[in-house]
Amino acid sequence: MTRTRILPVLALLPLAALAACGSSGSSSSSPSKSASPAATSMSGTETFKGSQTGKAAVATTTAIPLTYSGPVTTTGTFNGGGPSPAKGQHHTFQTADGKFVLVVSGKPTTVQHASASTCYFSQVITVPYTVDGAASTGKFAGATGSGKVVVTFGAYGPKLSNGKCNTSNNAQPLAKGAYDTFLGSGPLTVKG
């Protein structure tokens, strides 16, 4: 059973990853302000994350509500779908405080696990990104930074009448126990 819907989700990415997974560059864990006579900027680790469980996680179109914290505190939604992530691809995150545009900066990685006895499967996609400040708007306009997005999906697959796992590409994951998580993180500098 494959979870191809998740691959497009990541294409995003730009996006959504874990500080624990690491990010390129150095950053501080709390925003700091540095002033110059011409402009003020704020730097820190920007984290954007959210999750869905049950029916929402296995829906044909998954919309994960995201909460942003760091130099920009806001909310938005990650809408999965589209092509699998590829280096150079752009993804726009619509937020309450402007568009946050990310570019896939390296080759995404995918790790899959499946259990033939329980029919449980999971997929983790990690996507490195850089911020496209010229294309971003609102509080993200002119921003610079980089990081990783990690999208994780897990669910039980259906079984066939003989008790074996249905591994066809048409098999739909079950809602019970299903989850989708999105976590993006990395250093971000925004204009004040």
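Structure first, text after, so check above.
Attention in this report is confined to the structure presented alongside it.

**Re the overall build of the protein chain**
So, point 1. Looking only at helices and strands, the protein chain features two helices and 10 strands.
So, point 2. Ordered by position in the sequence, the α and β elements of the protein chain form the string α-β-β-α-β-β-β-β-β-β-β-β.
So, point 3. Expressed as a percentage of its 192 residues, the buried residues of the protein chain come to 44%.
So, point 4. Approximately 9,200 Å² of the protein chain is accessible, and the part contributed by carbon and sulfur atoms is 55%.

**Some points on the environment of Gly50**
So, point 1. Checked against the element boundaries, Gly50 lands in strand E2 (residues 40-53).
So, point 2. By relative accessible area, Gly50 is classed as buried at 18%.
So, point 3. Distance from Gly50 to Thr67, taken between C-alpha atoms, is 6.5 Å for residues 17 residues apart in sequence.
So, point 4. With residues near it in sequence (within four places) discarded, Gly50 still touches Ile64, Pro65, Leu66, Asp180, Thr181 and Phe182.

**Comments concerning the pattern of salt bridges**
So, point 1. Under the defined criterion, the tally for this structure stands at one salt bridge.
So, point 2. The residue Asp97 makes a salt bridge to Lys139 at a minimum N-O spacing of 3.8 Å. A residue pair is termed long-range when its members are at least 10 positions apart, and Asp97 in the loop between strand E5 (90-95) and strand E6 (98-104) and Lys139 in the loop between strand E8 (120-131) and strand E9 (144-156) qualify at 42 residues.
So, point 3. In this structure Lys139 comes out as partly exposed when scored by relative accessible area, which is 46%.

**Brief notes about the nonpolar core**
So, point 1. Residues Phe48, Phe93, Phe100 and Phe182 are the most contacted members of the largest nonpolar core, which totals 19 residues.
So, point 2. Looking at this core, the elements with two or more residues in it are E2, strand E3 (63-69), E6, E8, E9 and strand E10 (179-191).
So, point 3. Grouped together as the second largest cluster of nonpolar side chains are six residues, Ala57, Val58, Phe153 and Ala178 included.

What counts, and where the lines are drawn
Residues numbered from 1 in each chain as written. Predicted model: local features only at pLDDT ≥ 70, side-chain atom pairs only at ≥ 80, totals over all residues. Heavy atoms only, no water. Helix = DSSP H or I, 4+ residues; strand = E, 2+ residues; numbered from the N terminus. Buried < 20%, exposed > 50% of the residue type's maximum accessible area, 1.4 Å probe, protein only. Areas by Shrake-Rupley, 256 points an atom, 1.4 Å probe, with all protein chains shown as cover. Contact = heavy atoms within 4.5 Å. Salt bridge = Lys/Arg side-chain N within 4 Å of Asp/Glu carboxyl O. Core = buried A, V, L, I, M, F, W, Y, C linked by side-chain atoms within 4.5 Å.

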